[in-house]
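# Topology and contacts: notes
As a plain string of letters, each chain reads:
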Amino acid sequence: MAAKFLTLACIRNESFGGLSPRPHYPSMPKYPKGVSETDKDVEGSEAKAAFSVIGMTCSACAGSVEKAVKRLPGIREAVVDVLNNRAQEETIRETIEDVGFEATLIQDHQTTEKSSQVCRIRINGMTCTSCTSTVESALQALHGVQKAQVALATEEAQVHYESKIISHNQLLEAIEDTGFEAVLISTGEDMSKILLKVDGIGTENSMRMIENSLRALPGVQDIDIDPTVYKFSLSYKPDKTGPRNFINVIESTGTGRYKATIYPEGGREAHRKEEIKQYYRSFLWSLVFTIPVFLTSMVFMYIPGLKHGLDTKVVNMLSIGEILRWVLSTPVQFIIGRRFYSGSYKALRHGSANMDVLIALGTNAAYFYSVYSVLRAATSQDFKSTDFFETSSMLISFILLGKYLEVLAKGKTSDAIAKLMDLTPDTAILLTLDSEGNVVSEEEIDSRLIQKNDVIKILPGAKVASDGFVIWGQSHVNESMITGEARPVAKRKGDTVIGGTVNENGVLHIKATRVGSESALSQIVQLVESAQMAKAPVQKFADRISKYFVPLVIVLSLSTFLAWFLAGKFQGYPKSWIPSSMDSFQLALQFGISVMVIACPCALGLATPTAVMVGTGVGASQGVLIKGGQALESAHKVNCIVFDKTGTLTVGKPVVVNTRLLKNMVLQEFYELVAATEVNSEHPLAKAMVEYAKKFREDEENPTWPEAKDFISITGHGVKGIVRNKKIIVGNKSLMLDQNFVIPADAEDMLAEVEAMAQTGILISIDGEMAGVIAISDPLKSGARDVISILKSMKVKSIMVTGDNWGTANSIAQEVGIETVVAEAKPEQKAEQVKNLQTSGYVVAMVGDGINDSPALVAADVGMAIGAGTDIAIEAADIVLMKSNLEDVITAIDLSRKTFSRIRLNYIWALGYNLLGIPIAAGALFPSSGFRLPPWIAGAAMAASSVSVVCCSLLLKYYQRPRKLDALEMQGVKVE
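Structure report, in brief. (Residues numbered from 1 in each chain as written. Predicted model: local features only at pLDDT ≥ 70, side-chain atom pairs only at ≥ 80, totals over all residues. Heavy atoms only, no water.)

### Some points on unusual backbone geometry
You will see that Asn 740, though not glycine, has its phi angle at about 65°, which is positive. For Asn 740, the position within the fold is in the loop between α24 (733–738) and α25 (745–756). Although it is not a glycine, Asp 767 sits at a positive phi angle of roughly 50°. Looking at the element boundaries, Asp 767 is found in the loop between β30 (760–766) and β31 (769–777). (Helix = DSSP H or I, 4+ residues; strand = E, 2+ residues; numbered from the N terminus.)

And the structure:
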């Protein structure tokens with residue numbers, strides 16, 4: 001019985017834009033019985049209600065509920081969400097029940113509060129796309145789960161869920177019910193988490209005492225304790241408390257006999273190393289048993305003395321060689337190979353079939369036929385047995401070798417993340433300051449113990465331990481590992497620093513602002529990890545195939561066995577075809593087993609995610625952060641790029657180059673008023689005017705400006721405010737015209753002159769009178785022209801869309817070689833322009849840096865944010881260019897094209913291997929050439945196919961950006 005949700009917009013209190021309650025379905029009566037048409041005039045503001053509707057089974061049920069509710073007066077919209085389990089008044093509930101379903105009102109606080117969260121879970125034991133589909137389906141079926149993604153390459157799940165409806169513990173239980181081990185990585189809640197190991201705990205009472213002491217601290221949200229290893233997991237708000245406080249509390253509890261340390265983290269890397277070790281051990285143990293089996297069946301049979309010893313009969317026709325092979329192959333089949341049995345059981349229990357099912361069926365067929373053959377020889381005087389014990393044990397050994405090589409190679413696909421995580425230093429020097437800011441003491445601590453507002457000392461040559469800002473000292477910091485900017489950046493008091501960067505020459509004291517999961521480095525790691533989770537649309541192709549792959553292979557295997565068996569039974573081929581060591585049944589069985597074990601769903605499943613993992617990792621190391629497979633797939637199709645101007649094609653650090661006053665006043669006073677108004681704006685042009693105004697106050701390091709009252713920022717136009725009782729308006733020509741100003745002729749002339757030189761003209765009005773014109777120039781980024789030229793050679797059309805005036809826009813466009821220009825565009829017009837291009841058949845990328853570019857970045861097929869831009873632009877984008885260099889637009893497109901050609905190559909190999917391998921294993925070449933694939937060679941080929949796909953993806957690690965870019969010296973222009 002399914003519970004579904006119906007979300008309604010009801011109207012009450014005052015009229016809502018004259019909306020008519022007329023039904024959407026003309027064939028139905030307008031209103032239910034007892035409701036008169038005059039009721040349509042009920043006045044109301046809009047309200048929403050959600051009902052849980054029990055009993056719906058399909059979209060037809062949903063349609064009947066929706067129709068019935070929409071007929072009620074005052075209902076503006078009614079939506080039934082059949083997939084996500086969501087349907088104020090008693091009338092609505094009764095109407096739903098009249099249609100034949102049960103309805104319950106979901107309380108307001110359940111629907112209005114934002115409770116959607118994202119959690120990440122590591123899943124151990126998945127082998128192919130069939131496993132990921134099983135887990136994904138189990139998670140999607142849970143009430144309260146909005147979206148679930150399971151990635152085979154990273155062995156992780158990312159689940160979007162309603163925390164008020166379902167908890168992360170229920171998600172873990174659902175995964176474990178499917179037969180896989182689940183480990184919570186993060187819950188996505190707005191808090192930090194730390195694991196502490198406490199030594200010295202003797203009794204349960206001690207543990208309870210420590211827990212109570214920690215719970216009493218402000219900011220502690222939740223505590224989980226694992227009593228077996230004395231592990232405390234604490235969730236806390238970093239702005240209120242931190243790990244050092246916890247350690248101090250623990251160590252001061254109980255007369256100082258407890259010692260607390262940070263618990264060694266497991267993480268993805270530790271799990272990967274453990275998995276590699278397990279496969280290596282299993283493979284070595286299987287060799288210990290398999291090599292003697294191989295020697296007794298394939299080698300010793302040709303050495304006369306040994307052959308005689310092995311052929312010595314023990315009971316009836318049962319020989320010593322057969323007993324040896326049986327004894328040696330049994331541990332390989334059932335102890336070393338038990339992972340294949342447990343994997344098959346888990347898959348079959350949930351109605352799916354994976355690679356483990358094929359291996360278990362193939363090896364069992366060989367093993368149990370051999371057992372039957374040996375037992376029959378022991379009970380018969382004349383039956384000569386032929387066993388296949390070497391087939392099952394060698395098959396398992398080769399598959400374990402393949403798995404070992406595969407996890408080894410898969411580990412290398414996430415090297416980029418490991419390198420990023422290694423940037424953080426292990427220790428930091430914590431300073432204690434007195435009330436006057438003088439250093440009282442310094443202490444070396446674990447860098448994971450840094451808390452918000454700590455003061456950290458950074459020595460020359462040391463890594464910066466945390467994000468923060470400089471409170472003392474001067475130095476140069478190498479930020480290339482984060483931003484890709486090759487030149488060291490000068491840092492002085494007030495400048496921000498990024499954790500993981502390297503201090504070059506001076507001592508710095510910094511105040512920590514963002515620690516733990518909030519730091520820039522952690523955010524980049526999370527972004528790359530999320531990117532590796534997100535499936536590329538092309539992955540759906542493999543997912544679709546994997547659903548039917550294993551059942552189809554089992555059918556083909558049985559058909560192959562029957563075809564050869566029946567052909568042998570009814571003399572369908574000459575007896576000379578049958579090898580001397582076997583009969584027609586055994587030949588048919590070998591063909592059947594070979595078909596079963598050569599087919600490989602893993603190679604298909606790994607084709608896309610491994611390439612995406614390596615591609616996104618390589619991108620991150622080159623300063624191009626790609627947010628997942630969808631962005632990669634769209635970027636390789638891009639044939640039109642829309643560029644913003646300021647901060648994208650230009651440096652984004654405009655400078656004032658000229659000022660002309662239109663009324664008699666002192667220039668310093670004029671700039672005082674302009675700066676006081678513009679200091680509240682984040683726009684680059686505003687900052688340029690404020691910086692210029694500072695020159696009139698050279699004696700002050702951080703001048704304070706008069707207060708601007710009634711400040712209003714008009715996006716894309718300018719600002720207004722009242723300074724010293726004077727009404728100031730600073731903005732472009734269109735803002736002045738909107739305010740009904742008449743622009744004097746000399747101001748018009750200066751604007752035309754300024755625009756002709758690719759500069760921006762800003763008009764200033766004081767108390768309703770035009771007071772002056774400021775000319776601002778924003779230099780072009782070096783090499784911008786070359787980038788546009790290279791894009792043309794790549795058959796990518798370039799367009800410039802800017803909020804700036806037509807004169808400046810055309811002048812810049814001419815300089816860089818862009819032919820199509822749209823100027824004076826508001827943010828929504830930029831997005832509209834992108835949609836128009838998409839309608840014309842282009843796959844559009846938008847490159848921008850500001851808040852005003854966000855709508856266009858979202859609307860484009862691929863949004864690229866210049867890294868130095870705003871957080872909002874970076875959030876809205878699909879690709880983040882960390883270095884703020886335009887050349888990275890080409891790198892992003894080229895990398896996505898190379899990654900996609902690699903994915904295609906992987907699919908050609910994986911599909912081609914199966915399409916060629918299965919017929920050969922089935923004996924297609926046997927009649928003409930006598931060539932057949934023994935099952936153990938088929939198993940080795942299957943293992944090799946997965947390894948080859950992963951290695952093919954790994955070749956992307958050697959990606960080099962286009963050579964055309966190496967000819968460009970495209971360092972950013974520094975404007976003093």
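Having seen the structure, we can now continue with the description.
### Regarding the environment of Met 421
Relative to the assigned elements, Met 421 resides in helix α14 (residues 415–421). Overall, Met 421 belongs to the partly exposed group, its relative accessible area being 48%. (Buried < 20%, exposed > 50% of the residue type's maximum accessible area, 1.4 Å probe, protein only.)

### Here's the deal with a nonpolar patch on the surface
On the surface, Val 314, Val 315, Ile 320 and Leu 324 cluster together into a nonpolar patch covering about 290 Å² of accessible area. Of note, Ile 320 is situated in helix α10 (residues 320–336). Residue Ile 320 is classed as partly exposed on the basis of its relative accessible area of 34%. (Patch = residues over 30% accessible without salt bridge, like charges linked within 9 Å, V, L, I, M, F, W, Y side chains within 5 Å. Areas by Shrake-Rupley, 256 points an atom, 1.4 Å probe, with all protein chains shown as cover. Salt bridge = Lys/Arg side-chain N within 4 Å of Asp/Glu carboxyl O.)

### Examining the sheet that holds strand β9 (residues 192–199)
If you walk across this open sheet you meet the four strands as β10-β11-β9-β12, and the pairing is antiparallel. The outermost strands of the open sheet, each flanked by one partner alone, are β10 (220–226) and β12 (259–262). The mean inter-strand angle of the sheet, taken between neighbouring strand axes irrespective of direction, is 30°. Bridge count for β10 against strand β11 (residues 231–236) is six bridges, and the pairing is antiparallel. Directly across from Ile 225, in β11, lies its bridge partner Phe 232. Lying over the sheet, helix α7 (residues 243–252) contacts β9, β10, β11 and β12, oriented at roughly 25° with respect to β9. (Pairing = 2+ DSSP bridges. Axes fitted to C-alpha atoms, helices over the stretch in contact; angles between N-to-C directions. Contact = heavy atoms within 4.5 Å.)

### Describing the pairing of strand β34 (residues 844–848)
A large share of β34 lies buried, amounting to five of its five residues. Of the two faces of β34, the one holding Val 844, Met 846 and Gly 848 and the one holding Ala 845 and Val 847 are both buried throughout. Here four bridges tie strand β25 (residues 640–643) to β34, and the two strands are oriented parallel to one another. Bridge pairing in β34 links Val 642 to Met 846. As judged from the four bridges shared by β34 and strand β35 (residues 862–866), these two strands associate in the parallel manner. Bridge pairing in β35 links Gly 848 to Ala 865.

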